[in-house]
Amino acid sequence: MKINKTNAARLLDKANVPYQLIPYEVDENDLSATHVAEQLGEEVDQVFKTLILQGDKNGCFVGIIPGAQEIDLKKAAKASGNKNCQLIPMKELLPLTGYIRGGCSPIGMKKLFPTYLHSTAGNFDKIYISAGVRGLQLLISPQDLLQQTKGIMTDLVIENKEK
């Protein structure tokens, strides 16, 4: 099966960054990272989702967090130098990034936004992120992702109270 290269994959090729493109079955009614992990047969903690946030001081930024986790807006605001932040409205995603919901890659957005990768990414040799279209994931090392996005690894998620 031929996989069409996405803009994110072409940028990684150009930078000589190793990665793999991994296709999966899309369910239009379930675009969750949990569904993607099930399709890939992987742990959901290794499948990361890309969120676009708007800070009150520094504008838009990217948060990349494990698929089953929720972003902690206070932690995200602090990491990005804002007092507070919120997820951008869905209708702004495509014009701002060039990507749609369920296919938003942190690599190859229309603009390089400040990027923050949740610290658990460091627990894995490789993590899954969107390749820029629904139905395709990039398997990449967290270090290469940070290098390509000029990102910072930090704590971004709501702590599980049950621990």
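A few points on the structure. (Residues numbered from 1 in each chain as written. Predicted model: local features only at pLDDT ≥ 70, side-chain atom pairs only at ≥ 80, totals over all residues. Heavy atoms only, no water.)

### Some words on the state of the cysteines
Keep this limit in mind: Two cysteine sulfurs form what is called a disulfide whenever their separation falls within 2.5 Å. When accessible area is computed with a 1.4 Å probe and restricted to protein chains, residues below 20% of their type maximum are described as buried, those above 50% as exposed, and intermediate ones as partly exposed.
Under the criterion given, the structure shown has zero disulfides. Residue C60 stays outside any disulfide, its sulfur separated by 11 Å from that of C85, the closest cysteine. Classification of C85 by relative accessible area gives buried; the value is 10%.

### Notes on the sheet that holds strand β2 (residues 48-55)
Put simply, the test is: For two strands to count as paired, DSSP must find a minimum of two bridges between them. The numbering of helices and of strands both runs from the N terminus, where a helix is a DSSP run of H or I of at least 4 residues and a strand a run of E of at least 2. Axis definition: a line fitted to C-alpha atoms, limited for helices to the stretch in contact. Angles are taken between N-to-C directions and run from 0 to 180 degrees.
With mixed pairing, the five strands of this open sheet are ordered in space as β4-β2-β3-β5-β8. At either margin of the open sheet sits one strand with a lone partner, and together these are β4 (85-87) and β8 (152-154). For this sheet, the mean inter-axis angle between neighbouring strands, taken without regard to orientation, is 35°. Across three bridges, β2 lies against β4 in antiparallel orientation. Across the sheet, residue L53 finds its bridge partner in β4, namely L87.

### Here's the deal with the pairing of strand β7 (residues 136-140)
The side chains of a regular strand alternate between the sheet's two faces. With five of its five residues buried, β7 lies for the most part within the structure. Judged by which residues are buried, β7 turns out to be covered on both faces: L136, L138 and I140 on one side and Q137 and L139 on the other are all buried. Two strands pair when backbone bridges link them, and strand β1 (residues 20-23) and β7 are joined in this way by four bridges, in the antiparallel orientation. Bridge assignment links Q20 to a residue of β7, and that residue is L139. Here strand β6 (residues 127-130) pairs with β7 via four bridges, running antiparallel. Opposite I127, over in β7, you have I140 as the bridge partner. Taking the residues that link successive antiparallel strands as the turn, the β6-β7 hairpin has five residues, and the phi of G132 there is positive, at about 115°.

### Comments concerning the nonpolar core
Let me state the cut-off plainly: Throughout, nonpolar core names a set of buried Ala, Val, Leu, Ile, Met, Phe, Trp, Tyr and Cys residues whose side chains join them through atoms within 4.5 Å. Any two residues having at least one pair of non-hydrogen atoms within 4.5 Å are treated as being in contact.
Ranked by size, the top nonpolar core spans 28 residues in total, and within it I107, L117, I127, I129, L138, I140 and L145 carry the most contacts. Mapped onto this core, the elements with two or more residues apiece are α1 (7-14), β2, β3 (59-66), β6, β7 and α5 (142-149). When neighbours within four sequence positions are excluded, I129 is seen to be in contact with F48, I64, S105, P106, I107, Q137, L138, I140 and L145. By size, the runner-up hydrophobic cluster in this structure holds eleven residues, among which are L51, I71, A77 and L156.

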